[in-house]
Amino acid sequence: MAKYKHPARNLWRNVSTFFKENSVDLLPIRHSLGDLRPSFMRSDAKAALNVALLTLPQGMAYAAIAELPIYYGIICSIIAGILAPLFASSRFTMLGPTNATAFMVFSYFVSHPEIDLASRMAMMPLLVFMVGALSVAGAFFKVADLLQYVSRSVLVGYITGAALLIMTNQMKHILGIAEPMAEQGAKTFFSILGATADLWQHYKWQPCLIGAGTLTLYLTLQKKFKALPNFAICLTIVTLASVALKTWAPPFAELSTFTSFAQFSISPSIPILQFPSVTILFDAISSLFAVAFAIAFLASLENTVMGKSLGSRIGERPDVNQDMFAVGMANMGASLLAPMPASASLTRSALNYESGAKSRFASIYCSALCLIGFIALIKLPIVEHIPKSALAGLVIGIAISLINRHNIRICLRTTHDDALVILTTFTATLLTRLDYAIFVGVALSITLFLRKASIPHLVEYEMNDEGALRERDIKKERPNPAISIVHVEGDLYFGAADLFRTQVQRTASDPNLKVIILRLKNARHLDATSVMAMESLVRHMRGEGRHVLISGASREVYKVLKLSGALECIQEGCDRTQGETNLFVYSPSNPNLSTRDALLRAQDLLGTKQADIKIFYDPSHSKN
């Protein structure tokens with residue numbers, strides 16, 4: 001056990017082992033080069049064309065949600081579509097801007113009206129870079145594995161609330177009140193709703209007609225011809241119609257449209273070098289850290305859900321941490337050219353799979369087609385004829401599709417905890433910033449999980465006349481045992497530690513009970529809290545002249561007790577020179593040997609060879 005006596009060396013060994021065991025593949029695409037064969041390439045190219053027809057207009061729509069230049073969404077889709085498959089484990093996931101991340105960006109900046117447009121443009125590359133860096137770090141620390149402890153009700157509540165926010169915020173373009181709304185500084189759902197109602201005298205019927213017509217056309221096509229690229233079709237039809245209206249109908253001459261891409265120019269830049277001083281840089285990092293963390297969390301959660309959903313259809317199990325690494329690398333790459341967060345898109349990923357994609361190269365082909373389309377948008381007079389109200393109508397159509405009534409009904413009806421989580425998260429999205437709202441939902445979800453996981457259940461067993469174990473009949477008077485064996489199974493992490501101690505102390509409240517043997521054969525994940533709870537129990541019992549012994553301790557348990565110093569407390573009073581001990585290590589060759597030795601030690605402490613024995617066992621775990 002000498003190796004445990006050097007904390008610094010032991011810490012370095014543990015850190016090195018951790019990163020060796022948790023390493024990610026730095027370039028997994030090298031294992032997929034065999035997919036570059038004609039049959040796969042034809043299928044991937046067909047899927048890429050279908051996805052590209054959706055990606056171009058969606059990219060513009062999501063940039064509009066975030067109130068960024070609409071070409072940001074297209075360039076982000078191109079870069080993320082190229083970089084993500086280089087590092088991802090999932091074959092079909094398509095990365096780019098999404099509704100949820102775009103509106104979180106909007107939510108942050110609308111809550112900081114002191115940040116003007118120029119400052120926002122300077123901060124966005126840093127924000128996206130931070131999202132990427134946090135995701136990469138999270139992949140190495142296997143943070144994605146922890147996402148399973150976040151209830152799906154959080155995501156359903158968040159997306160539902162965000163959808164309502166998206167629809168409410170886009171109404172300013174539908175009603176033609178975008179400019180006066182900008183002066184109101186509305187930040188949340190109710191403030192946006194109130195500001196929209198207050199400006200009723202400024203409503204314009206022309207953009208309302210265009211927006212309502214676009215939304216109606218989109219919903220109709222989605223219902224009757226769902227397989228078609230309806231987003232692109234609607235945008236094309238309405239743009240042509242608006243050109244005709246502006247030409248032949250004077251009331252539509254002032255219809256608000258987007259700025260042409262003809263003046264488009266962009267150059268690569270390193271985000272952290274865009275600030276004039278280190279002080280300003282760190283002030284910006286401090287200001288953006290919370291929203292960057294929230295976006296990184298949300299992007300990884302979306303990516304995990306999408307990867308597992310598609311993987312289950314083909315019998316594959318994606319590496320969620322590897323996919324989180326891909327999200328990080330895609331965002332770090334996007335920050336150099338198109339500062340907009342990238343995440344896994346539900347609609348584009350599902351379309352990619354349903355269009356017959358065979359490999360990860362479909363994403364790269366899609367980016368190539370989007371690049372060609374983007375060049376066409378720059379060279380041809382298209383963007384300047386797209387009405388803002390038409391794109392707003394399409395965004396509202398996407399938001400409507402995000403409200404999944406089936407999932408909402410499941411969350412509300414399954415358990416009280418799920419209902420509480422979805423309602424709390426949904427309410428938070430309407431009352432506060434979205435990054436705060438998702439933290440509220442996650443915190444509540446984890447709290448409810450820990451509450452369930454940290455309640456130990458102990459059932460008393462006793463010896464019958466034949467010497468066999470049986471569950472005590474609670475109707476009978478309870479005999480007072482001198483020795484109690486408590487089977488401890490499962491995780492003794494911080495959430496369960498105090499409850500475990502309380503229940504054992506309740507058992508020890510019988511004054512005739514002199515020795516408690518904690519059988520830790522199947523106890524796992526002891527931490528500082530559980531060690532301190534165990535120490536407190538030992539001292540409490542010893543103060544009353546009673547004893548606590550430990551049997552079946554695994555090497556992991558022994559190591560934790562040794563390194564923490566709790567072993568000294570447990571062994572206090574033992575004459576080690578005479579071989580006395582209060583801790584008995586588990587022996588794989590004879591699983592019951594340590595318990596037998598603990599019983600002999602208990603009898604020795606009692607000064608007798610005879611003692612009534614009662615055994616406590618947790619029935620929620622199987623016997624070993």
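So, how was this worked out
- Residues numbered from 1 in each chain as written.
- Predicted model: local features only at pLDDT ≥ 70, side-chain atom pairs only at ≥ 80, totals over all residues.
- Heavy atoms only, no water.
- Helix = DSSP H or I, 4+ residues; strand = E, 2+ residues; numbered from the N terminus.
- Buried < 20%, exposed > 50% of the residue type's maximum accessible area, 1.4 Å probe, protein only.
- Expected span 1.5 Å × (residues − 1).
- Contact = heavy atoms within 4.5 Å.
- Pairing = 2+ DSSP bridges.
- Right-handed = clockwise from strand over helix to strand, strands pointing away.
- Salt bridge = Lys/Arg side-chain N within 4 Å of Asp/Glu carboxyl O.
- pLDDT = per-residue confidence, 0-100.
- Axes fitted to C-alpha atoms, helices over the stretch in contact; angles between N-to-C directions.
- Left-handed = near helix turned anticlockwise from the far one by under 90°.
- Nonpolar A, V, L, I, M, F, W, Y, C, P; charged D, E, K, R; others polar.
- Phe/Tyr/Trp six-rings, centres within 6.5 Å; stacked < 30°, edge-to-face > 60°.
- Lys NZ or Arg CZ within 6 Å of the ring centre and 35° of its normal.

Chemist: Can you break down unusual backbone geometry residue by residue, with the values?
Modeler: Of note, Glu-67 is a non-glycine position whose phi angle comes to about 55 degrees, a positive value. Mapped onto the fold, Glu-67 is located in the loop between α2 (38–65) and α3 (71–87). Take Glu-67: its relative accessible area is 29%, and that puts it in the partly exposed class. Although it is not a glycine, Lys-142 adopts a positive phi angle of roughly 55 degrees. Position of Lys-142 relative to the elements: it lies in the loop between α5 (117–140) and α6 (152–174).

Chemist: Before we move on, can you summarise helix α15 (residues 388–402) with the specific residues and values?
Modeler: Here α15 contains 15 residues, and its C-alpha end-to-end distance of 21 Å stays within 8% of the 21 Å for a straight helix at 1.5 Å per residue. Of all the 15 residues making up α15, 11 are buried; the element is thus mostly covered by neighbouring parts of the structure. Considered for burial, the residues of α15 that qualify are Ser-389, Ala-390, Leu-391, Ala-392, Gly-393, Leu-394, Val-395, Ile-396, Gly-397, Ile-398 and Ala-399. Its buried side turned inward, α15 meets α2, α4 (99–110), α6, α9 (205–224) and α10 (230–248).

Chemist: Help me get a handle on the pairing of strand β6 (residues 515–524), residues and values and all.
Modeler: Counted residue by residue, β6 has 9 buried out of 10 residues, so it is predominantly covered. With 5 bridges joining them, β6 and strand β7 (residues 547–553) adopt parallel strand pairing. Each residue of the ladder has a partner; that of Arg-519, found in β7, is Ser-551. Handedness of the β6-helix α20 (residues 528–543)-β7 crossover: right-handed.

Chemist: An account of the pattern of salt bridges is needed here, citing residue identities and associated values.
Modeler: Taken as a whole and assessed by the stated rule, the structure comprises 8 salt bridges. In this structure, the salt-bridge partner of Glu-67 is Lys-172, at a minimum N-O distance of 2.2 Å. Taken together, the residues Glu-67 in the loop between α2 and α3 and Lys-172 in helix α6 connect sequence positions 105 residues apart. Ionic pairing is found between Arg-433 and Asp-435, a salt bridge with its closest N-O pair at 2.4 Å. Note on Asp-435: relative accessible area 0%, which makes it buried. Taken together, the shared-partner salt bridges in this structure form one network comprising Glu-580, Arg-601 and Asp-604.

Chemist: Which residues make up the confidence of the model for the protein chain, and what values do they have?
Modeler: Residues of the protein chain with pLDDT of at least 70 account for 86%, and the chain-wide mean is 83. Here residues 459–464 is modelled with pLDDT under 50, and outside its nearest four sequence neighbours on either side it reaches 31 contacts, counting other chains as well. Confidence over residues 617–624 falls short of pLDDT 50; this stretch has 18 contacts with residues more than four positions distant or in other chains.

Chemist: Go over helix α23 (residues 593–606), please, and point to the residues and values.
Modeler: Compared with the 20 Å implied by 1.5 Å per residue over 14 residues, the 20 Å span of α23 between its first and last C-alpha is a close match. All buried positions along α23 are accounted for by Ser-594, Thr-595, Ala-598, Leu-599, Arg-601, Ala-602 and Gln-603. Gly-607 lies just past α23 and shows a positive phi near 70 degrees.

Chemist: Can you lay out the packing of α3 against helix α12 (residues 320–334) for me, pointing to particular residues and giving the numbers?
Modeler: α12 packs onto α3 with a crossing angle of 145 degrees between their chain directions and a minimal axis gap of 8 Å. In this structure, α3 meets α12 at a crossing whose hand is right-handed. Residue-level contacts link Ile-79, Ala-80, Leu-83, Ala-84 and Phe-87 of α3 to Gln-322, Phe-325, Ala-326, Met-329, Ala-330, Gly-333 and Ala-334 of α12. When the residues that make up the contact of α3 with α12 are grouped by side-chain class, the tally is 10 nonpolar, 2 polar and no charged.

Chemist: Talk me through the packing of aromatic side chains; I want residue IDs and the actual numbers.
Modeler: Enumeration over the complete set of coordinates arrives at 11 aromatic pairs. Relative to Phe-325, the ring of Phe-140 has its centre 5.9 Å away and its plane inclined at 85 degrees; by these criteria the two rings are edge-to-face. On the criterion of sequence distance, the pair formed by Phe-140 in helix α5 and Phe-325 in helix α12 is long-range, its members being 185 residues apart. Under the relative-accessibility criterion, Phe-140 is labelled partly exposed at 23%. Between the aromatic rings of Phe-293 and Phe-439, the centroid separation amounts to 5.8 Å while the plane-to-plane angle is 40 degrees, which identifies the pairing as tilted. One end of the pair, Phe-293, is in helix α11 (residues 278–314); the other, Phe-439, is in helix α18 (residues 434–453), and 146 residues separate them in sequence. For Phe-439, a relative accessible area of 29% puts it in the partly exposed group. Chaining the aromatic ring pairs together yields one cluster made of Phe-87, Phe-140 and Phe-325. When the ring centre of Phe-40 is taken as reference, the NZ or CZ atom of Arg-37 above it lies at 3.9 Å. The ring of Tyr-436 has Arg-433 sitting right over it, with the charged end atom 4.3 Å from the ring centre.

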